[in-house]
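Listed below are the residues making up each chain.
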Amino acid sequence: MFNNYGASYQEQRMQQLMEQKQMKDFMRMFSNLVGRCFDDCVDDFTSNKLNEREISCANRCTLKNMKFNERIGQRFAEESAKMMEDQAKMAK
């Protein structure tokens, strides 16, 4: 009974650590996106509001980076599936 509790605790702890890492990775990606798009798009500091060009640029920049990250995620999933398939073939 104690072993089941220990395994369950370890699984929960591992899940917590994975969730923390995912959140940290997401926050890093978001921070990089904000910094990159701000640096690329905002250059008029004479007003406390973005002008139309800056808004348009920021929207394009954000969309481009979101699509890029989505594509990387898809490629990663494809490669992971292929690696698991290859490992299963080798195990036979």
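Use the structure listed above.
For every chain, the first residue of the written sequence is number 1, and numbering continues from 1 along that sequence. Restriction of local features to residues with pLDDT of at least 70 applies here, the model being predicted, together with a cutoff of 80 or more for giving and counting side-chain atom pairs; totals for whole chains, interfaces and linings are based on all residues. The side-chain quantities take in all heavy atoms of the structure and omit both hydrogens and water.

**Student:** Just checking my understanding: could you explain the pattern of salt bridges for this structure?
**Tutor:** Any two side chains of opposite charge can pair, given that their charged atoms come close. We define a salt bridge as a contact between a side-chain nitrogen of Lys or Arg and a carboxyl oxygen of Asp or Glu at a distance within 4 Å. According to the stated counting rule, one finds five salt bridges in the structure shown. With a closest N to O distance of 2.9 Å, Lys21 and Asp25 form a salt bridge. Taken together, the positions of Lys21 and Asp25, both in helix H1 (residues 2–41) and four residues apart, correspond to about one turn of that helix. Here Lys21 falls in the exposed class, since its relative accessible area comes to 52%. The salt bridge involving Arg28 is made with Asp25; its shortest N-O contact spans 3.1 Å. Separated by three residues within a single helix, Arg28 and Asp25 lie in helix H1, roughly one turn from each other. Since its relative accessible area comes to 45%, Arg28 is described here as partly exposed. When salt bridges with common partners are traced through the structure, they connect Lys21, Asp25 and Arg28 into a single cluster. By definition, any uninterrupted DSSP run of H or I lasting at least four residues is a helix, any uninterrupted run of E lasting at least two residues is a strand, and each is numbered from the N terminus. Buried, partly exposed and exposed residues are distinguished by accessible area as a fraction of the type maximum, computed with a 1.4 Å probe on protein chains only: under 20%, between the cut-offs, and over 50%, respectively.

**Student:** Would you take a moment to explain helix H2 (residues 52–91) for this structure?
**Tutor:** The periodicity of an α-helix, 3.6 residues per turn, causes residues three or four places apart in sequence to face the same way. By this rule the span expected of a helix is its residue count minus one, scaled by 1.5 Å. Taking 1.5 Å per residue as the helical rise, H2 with its 40 residues ought to reach 58 Å, and the 58 Å between its terminal C-alpha atoms agrees with that figure. Along H2, the positions that sit buried rather than exposed are Glu54, Cys57, Cys61 and Asn65. Polar contact criterion, stated in full: a pair of N or O atoms within 3.5 Å, where within protein one must be able to donate a hydrogen and the other to accept it, and residues adjacent in sequence count only if both atoms are side-chain atoms. A side-chain oxygen of the first residue of H2 lies 3.1 Å from the backbone nitrogen of Arg53; this N-cap is Asn51.

**Student:** Explanation requested: a nonpolar patch on the surface in the structure shown.
**Tutor:** Patch building starts from residues that exceed 30% relative accessible area and form no salt bridge, then joins like charges within 9 Å and nonpolar side chains (Val, Leu, Ile, Met, Phe, Trp, Tyr) within 5 Å. Note on areas: Shrake-Rupley, 1.4 Å probe, and residue coverage restricted to the protein chains presented here. On the surface, Met23, Phe26, Met27, Met29, Phe30 and Val34 cluster together to form a nonpolar patch covering roughly 570 Å² of accessible area. If you trace the backbone, Val34 turns up in helix H1. Judged by relative accessible area, which is 43%, Val34 ranks as partly exposed.

**Student:** Is there a simple way to think about the packing of aromatic side chains in this case?
**Tutor:** The geometry of an aromatic ring pair is captured by two quantities: the separation of the ring centres and the angle between the planes. Put simply, two rings from Phe, Tyr or Trp (the six-membered ring, in Trp's case) pair if the centres are within 6.5 Å, and we call them stacked under 30 degrees between planes, edge-to-face over 60, tilted for the rest. On inspection of all chains with the given rule, the structure shows two aromatic pairs. Seen from their ring centres, Phe26 and Phe30 are 6.4 Å apart, and the 20 degrees between their planes marks the pair as stacked. Here Phe26 and its partner Phe30 are both found in helix H1, four residues apart, which amounts to about one turn of the helix. For Phe26, a relative accessible area of 45% gives the class partly exposed.

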